[in-house]
Amino acid sequence: MNTLKNHFLLLLIAFLTFATQAQVQKTEPPYWYARMKNSSLQIVFYGPNIAENEVSAPTVIPILDVTKTENPNYLFVTIDTKGLLPQEIVFSFSKNKKKQFTQHYLLKERRVNSALRESYSSADVMYLLMPDRFANGNPKNDNDKTVTEKANRTAENGRHGGDIEGIIQHLNYIQELGATTVWCTPLCVDNDPRGSYHGYGQSDVYQIDPRYGTNDDYLRLSNELHKKDMKLVMDYVTNHWGAEHWMIKDLPTYNWIHQFPGYAQTNYRMTTQFDPNASKIDARLCADGWFVKSMPDLNQSHPLVLTYLTQNAIWWIESANLDGFRVDTYSYNDKKSIAKWTKAITDEYPNFNIVGEVWMQDQAQMAYWQKDSKIAAIQNYNSYLPSVMDFTFMDAAAKVFDENEASWNNGLIKLYENFANDFLYPNPNNLLTFVENHDTQRFNEIYKKDIKKYAMAMSILATVRGIPQLYYGSEIGMAGDKSKGDGAIRQDFPGGWQTDTNNAFTQAGRTQEQQLFFDFSSKLFQWRKTNEAVQVGKTTHYLPIDNVYVYFRYTNKKTVIVIVNNNLLSKKIKTDRFHENILDFKNGKEILTGTIFNLENEITVAPQTAMIFELEK
């Protein structure tokens, strides 16, 4: 009898303990860091009817605010961490003055000099990859019981199994290419029932998707990159979450997301965000409309939402030791709130670079979004965004190499005109330059894998102002027709799966064509790492004549001349026109061939060829 009684008591204690622990089902951020510049910390406690409780902390932990919303499952507790050492904080939750349960919360120590971490810059070359399509380093995590969509490599828009381990295993390849920085499309949990491989419909922004690995794996990727003096950029999404996000399924408050009520799709017309003549409904639909129906639009103007997003971003910087952000759909956010988000991060990390996706076809409109823009200042606006993506350069690059016969508007003059508008940007050297990415037509598809046109484009990308970004696979000639669907421009990297017969990660495994592309790319971008003129130098360019474009990049120590001949015939280039930049230099060494050219003579440039010279006295 006593044995049964004791057994019953043990079960009762276990039940009560479980019930007590179950009061807090989620705590976000899951932990924080001491000695942050902004000492205010908003902690979200989530659990069944948790708002029925009052919350307290030790007297040394000042509680600045407790916010309850119409959803009783949430408590937003703001504390002041100023002067606190790393420690475990015990929060007590009471109802009718009776303690119901406690919750432990950890303040960690920051890394030494964390606030002064360096970021990516124009000295870097960024390599963009889609983790699901790059390499499957750990087939055991292709499926996971906690998420819905299972691996199916035969499905163009399915999960193919690429993961963090696959990236780590091929860092030597990325380094051999000459890239110094890795930008991965989102790695957090995306539990959409299908099409989740791209990661932009996040369902938990504090956890790495188990099909990619773990938070520890992500930190390991960061550490392995840093060992190689390389950098890690996180693709951050402030504009929307996925419909399966746990907060979307149990909204903290009705206006946590934009509602009309319910769903309304954005009109995608970003010009409404600064157009003085725009109607209010058009401007609202652009910023507040949902990107797609499965991605509810976050209300960044709500203080709780903005703080949540800001802290989440900082938490990832600290916990994964990040080197920068790329922010998805930057100009679709509430523009005043996204400026506060950006400033809060760069206030905490003054050297931290953030590039925003501002997909517009006009330089003045893109320049509006860069930090300290004089164009935006007309409307008393400052985004505080250090960098924007140079989509107009991409647009020009997608056309000019098929325009072999120059006219007033066609040919290389389009590139000249793009750079002629650099005066609009507060910092043109901090633009992200590229000829393609995961949302655009593949460059090698546009130009049918023409190595000459690829070489011209990459030579320009490597030598103009800004931060060059490569898209995985182009360096081996990968193509893909976007008109057939996004899966066509996001194909698996050959050799990333154990069953692949073609392994383009190694010289021995590459086809002749792949090796031709890779050899050129690697030589070019490895050289770029050695020359400060193309990294940080000034630019002087000359009007293209007969579809030949000549420009100089230079510092006090280095001078580089680039000659691009986009004709179907060879061209003889007389150098006397460029005296203001050649000065007393006598010779130029062509960086790909090593050939020395006398600058006092004509230079013959082969058809559809770019030549890059380091000038020598």
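Residues numbered from 1 in each chain as written. Predicted model: local features only at pLDDT ≥ 70, side-chain atom pairs only at ≥ 80, totals over all residues. Heavy atoms only, no water.

Undergrad: Can you walk me through the overall build of the chain in this structure?
TA: From N to C terminus, the chain includes 18 helices and 26 strands. Compactness check: the chain gives a C-alpha radius of gyration of 27 Å against a globular reference of 25 Å for 617 residues, within 12% of the reference. When its C-alpha atoms are laid out on the principal axes, the chain stretches across 105 × 60 × 45 Å. Of all 617 residues assigned to the chain, the portion counted as buried reaches 59%. For the chain, the computed accessible surface area is about 25,800 Å², with 52% contributed by carbon and sulfur atoms. If the 64 positive side-chain charges of the chain are averaged to one point and the 70 negative ones to another, these points end up 3 Å apart. (Helix = DSSP H or I, 4+ residues; strand = E, 2+ residues; numbered from the N terminus. Rg over C-alpha atoms; globule rule 2.2 N^0.38 Å. Buried < 20%, exposed > 50% of the residue type's maximum accessible area, 1.4 Å probe, protein only. Areas by Shrake-Rupley, 256 points an atom, 1.4 Å probe, with all protein chains shown as cover. Lys, Arg positive; Asp, Glu negative; His and termini not counted. Charge placed at Lys NZ, Arg CZ, Asp CG, Glu CD.)

Undergrad: Would you take a moment to explain the pairing of strand β21 (residues 559-565) for this structure?
TA: For a regular strand, the rule is simple: side chains alternate between the two faces of the sheet. Extensive coverage of β21 is indicated by the burial of 7 of its 7 residues. Neither face of β21 is exposed, since T559, I561, I563 and N565 on one face and V560, V562 and V564 on the opposite face are all buried. Here strand β20 (residues 548-554) hands over to β21 after 4 residues, the two strands then running antiparallel side by side. The sheet contact formed by β21 and strand β26 (residues 609-616) spans 6 bridges and is antiparallel. From the neighbouring strand, V560 faces β26, where its bridge partner is E614. (Pairing = 2+ DSSP bridges.)

Undergrad: Honestly, the packing of aromatic side chains in this entry has me stumped. Any pointers?
TA: Think of a pair of aromatic rings as described by two things: how far the centres are apart, and how the planes are tilted against each other in angle. Under the definition given, this model contains 55 aromatic pairs. Each ring, one from W359 and one from F391, has its centre 4.7 Å from the other, and the planes form 10°; the classification is stacked. On the criterion of sequence distance, the pair formed by W359 in the loop between β15 (353-356) and α10 (363-367) and F391 in helix α12 (residues 391-400) is long-range, its members being 32 residues apart. Judged by relative accessible area, which is 29%, W359 ranks as partly exposed. F391 gets classed as buried once you look at its relative accessible area, which sits at 0%. The ring centre of Y381 lies 5.1 Å from the NZ or CZ of K335, which sits over that ring. If you follow R442 out to its NZ or CZ, it ends over the ring of Y472, 5.2 Å from the centre. (Phe/Tyr/Trp six-rings, centres within 6.5 Å; stacked < 30°, edge-to-face > 60°. Lys NZ or Arg CZ within 6 Å of the ring centre and 35° of its normal.)

Undergrad: Just to check I follow, could you spell out the confidence of the model for the chain for this structure?
TA: For residues with low pLDDT, the predicted coordinates do not support detailed interpretation. Confidence along the chain averages 95 in pLDDT terms, with 96% of residues attaining 70 or more. Here residues 10-21 is modelled with pLDDT under 50, and outside its nearest four sequence neighbours on either side it reaches 2 contacts, counting other chains as well. (pLDDT = per-residue confidence, 0-100. Contact = heavy atoms within 4.5 Å.)

Undergrad: What am I meant to see in unusual backbone geometry here?
TA: Glycine aside, residues mostly have negative phi angles, and peptide bonds mostly take the trans form. The omega angle of the peptide bond from E28 to P29 is -5°, so this bond is cis rather than trans. In this fold, P29 is placed in the loop between β1 (26-28) and β2 (32-33). Following F260, the chain continues into P261 via a peptide bond in cis, with omega recorded as -5°. If you trace the backbone, P261 turns up in the loop between α6 (246-249) and α7 (280-288). Here N96, not a glycine, exhibits a phi torsion of approximately 55°, which is positive. Among the structural elements, N96 can be located in the loop between β7 (87-95) and β8 (98-108). Owing to a relative accessible area of 69%, N96 belongs among the exposed residues under this scheme.

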